[in-house]
Amino acid sequence: MLYENNTYDEERALYGIQDAVINNCKFSGPADGESFLKECRHIQVNNCFMDLRYPLWHVTEGVLNNCEMTENCRAALWYDDNIRIENCKMMGIKALRECKNIVLKNTLVNSPEFIWKVWGLEIDNVEILESEYPFFEVRNAKINKLKMKGKYSFQYDDNIEISNSEFDTKDAFWHSKNMIIRDSVIKGEYLAWYSENLTFINCKIIGTQPFCYCKNLVLENCTMEQCDLSFERSEVQATIKGKIDSVKNPLKGQIKADEIGEIILDKTFNFKTDCKIIC
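Now for a description of the structure that goes with this document.

About the thresholds
Residues numbered from 1 in each chain as written. Predicted model: local features only at pLDDT ≥ 70, side-chain atom pairs only at ≥ 80, totals over all residues. Heavy atoms only, no water. Helix = DSSP H or I, 4+ residues; strand = E, 2+ residues; numbered from the N terminus. Buried < 20%, exposed > 50% of the residue type's maximum accessible area, 1.4 Å probe, protein only. Phe/Tyr/Trp six-rings, centres within 6.5 Å; stacked < 30°, edge-to-face > 60°. Polar contact = N/O pair within 3.5 Å; in protein donor to acceptor, adjacent residues only side chain to side chain. Contact = heavy atoms within 4.5 Å. Salt bridge = Lys/Arg side-chain N within 4 Å of Asp/Glu carboxyl O. Core = buried A, V, L, I, M, F, W, Y, C linked by side-chain atoms within 4.5 Å. Disulfide = S-S within 2.5 Å. Pairing = 2+ DSSP bridges.

Some thoughts on unusual backbone geometry
Note: most peptide bonds trans; most residues except glycine with negative phi. Phi is positive for Asn-82, close to 60°, though the residue is something other than glycine. Examined against the element boundaries, Asn-82 turns out to sit in strand S11 (residues 81–86). Classification of Asn-82 by relative accessible area gives partly exposed; the value is 29%. With phi around 45°, Asn-249 is a residue other than glycine that occupies positive phi space. By the secondary structure assignment, Asn-249 is in the loop between strand S24 (235–248) and strand S25 (252–264). A residue is classified by how much of its surface remains accessible, and Asn-249, at 1% relative accessible area, is buried.

Structural notes on the packing of aromatic side chains
Applying the stated criterion across every chain yields a total of 22 aromatic pairs. Measuring from centroid to centroid gives 5.5 Å for Trp-57 and Tyr-79, while their planes differ by 75°, and the two rings are edge-to-face. Of the two residues, Trp-57 is situated in strand S7 (residues 56–57) and Tyr-79 in the loop between strand S10 (77–78) and S11; the sequence distance between them amounts to 22 residues. Overall, the relative accessible area of 18% leaves Trp-57 in the buried class. Overall, Tyr-79 belongs to the partly exposed group, its relative accessible area being 33%. Among the aromatic residues, those joined into a ring-pair cluster are Phe-114, Phe-135, Phe-154, Phe-167, Phe-173, Phe-200, Phe-211 and Phe-231.

Brief notes about the side chain of Ser-165
In this structure, Ser-165 sits in the loop between strand S17 (158–163) and strand S18 (166–170). Given the relative accessible area of 4%, Ser-165 is considered buried. A polar contact of 2.9 Å, which involves the side chain of Ser-165, links it to the backbone oxygen of Ser-163. Setting aside residues up to four positions removed in sequence, Ser-165 forms contacts with Ile-143, Asn-144, Lys-145, Leu-146, Asp-183, Ser-184 and Val-185.

Some points on the pattern of salt bridges
Across all of its chains, the model carries 8 salt bridges by this definition. Ionic pairing is found between Lys-94 and Glu-113, a salt bridge with its closest N-O pair at 3.9 Å. Here the residue Lys-94 occupies a position in the loop between strand S12 (89–90) and strand S13 (96–97), and Glu-113 occupies one in the loop between strand S14 (100–109) and strand S15 (119–132), the gap between them amounting to 19 residues. Exposure remark for Lys-94: the relative accessible area of 22% places this residue in the partly exposed category. For Lys-170, the salt bridge identified is with Glu-189, shortest N-O distance 3.9 Å. Of this pair, Lys-170 sits in strand S18 while Glu-189 sits in the loop between strand S20 (185–187) and strand S21 (196–201), and the two are 19 residues apart along the sequence.

Description of the nonpolar core
Phe-173, Phe-200 and Leu-219 are the most contacted members of the largest nonpolar core, which totals 79 residues. A per-element tally of this core places S24 first, with 5 residues.

Some words on the state of the cysteines
Where two cysteines share a covalent bond between their sulfur atoms, that bond is called a disulfide. Going through the model one piece at a time under the given rule, you end up with 0 disulfides. With no disulfide of its own, Cys-73 lies closest to Cys-67 among cysteine sulfurs, the gap being 9.9 Å.

Observations regarding the sheet that holds S13
Taken together, the 3 strands give an open sheet; going across it, the order is S7-S10-S13, and neighbouring strands pair in parallel fashion. Lying at the two open borders of the sheet, with one neighbouring strand each, are S7 and S13. Of the pairings in the sheet, the one linking S10 to S13 comprises 2 bridges and is parallel in character. Residue pairing across strands places Leu-77 opposite Leu-96, the latter belonging to S13.

Re the environment of Asp-124
With respect to the element layout, Asp-124 can be found in strand S15. In this structure Asp-124 comes out as partly exposed when scored by relative accessible area, which is 22%. As a C-alpha pair, Asp-124 and Asn-47 span 77 residues in sequence and 20 Å in three-dimensional space. Aside from chain neighbours lying at most four places away, what touches Asp-124 is Leu-104, Lys-105, Asn-106, Asn-144 and Lys-145. Looking at Asp-124, its side chain comes within polar contact range of the side chain of Asn-144, at 3.1 Å.

What to know about the pairing of strand S8 (residues 60–65)
Two strands pair when backbone bridges link them, and strand S5 (residues 41–46) and S8 are joined in this way by 5 bridges, in the parallel orientation. Following the sheet pairing, Arg-41 is matched in S8 by Thr-60. Summarising the sheet, S8 and S11 pair through 5 bridges and their orientation is parallel. Residue Leu-64 lies in a different strand from S11, and its bridge partner there is Ile-85.

This is the structure we're talking about:
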């Protein structure tokens, strides 16, 4: 079934369609209807403009290519399975939630609370202009060439691989587990507190008080800029090129750097460290 060059604004305009192609359509208008592609199966959506709420809920097997979702297109994809999104603009709040098997490529995003509770995620060449709490409780993801600005990203995640990316985000990776981050730049305060089994390889870390209360933290061949009060009460194995501004109360492991500006060992509560620090 082909739907082409049409405008839809009514409630549930194309509800439940299957094995369909939607080309060059607009979902906008005075009727202000919502859920226009809800409960659909095996659909391909090309070159469409979406300006209404809750468009793709409970969709299975879908492709979106070269589509624009405006800021009015809130909560765009929820409870979906096997969706591929390419060359799109996603400007509405809460764009992806509780979905499975999502591919996102060559796409521009401006969406608070973007990608929550998604299982099975592949990202390649995506830019997030602004977001709060993106990638919350994500499981099983591979991310390449992601550029992102926001706050509180990647919290409570598990089994994530990130490469060739650039983040400007505070409070990132809190309570996350089993992650590998390679060849990336991470700028932001309070990085990766309360995390477990995180590994950073060839990364640049920028910002105050990173890596506190971590378990099994590994840094290989990384640099740290403006990083004071680092590694407090953490289990860490770190090899750092250049200088760390200060290290405070590391719990155990080894920290090796070319230079450390200050080593702070707090005598309060009779704190004892089992961490070797090498300059």
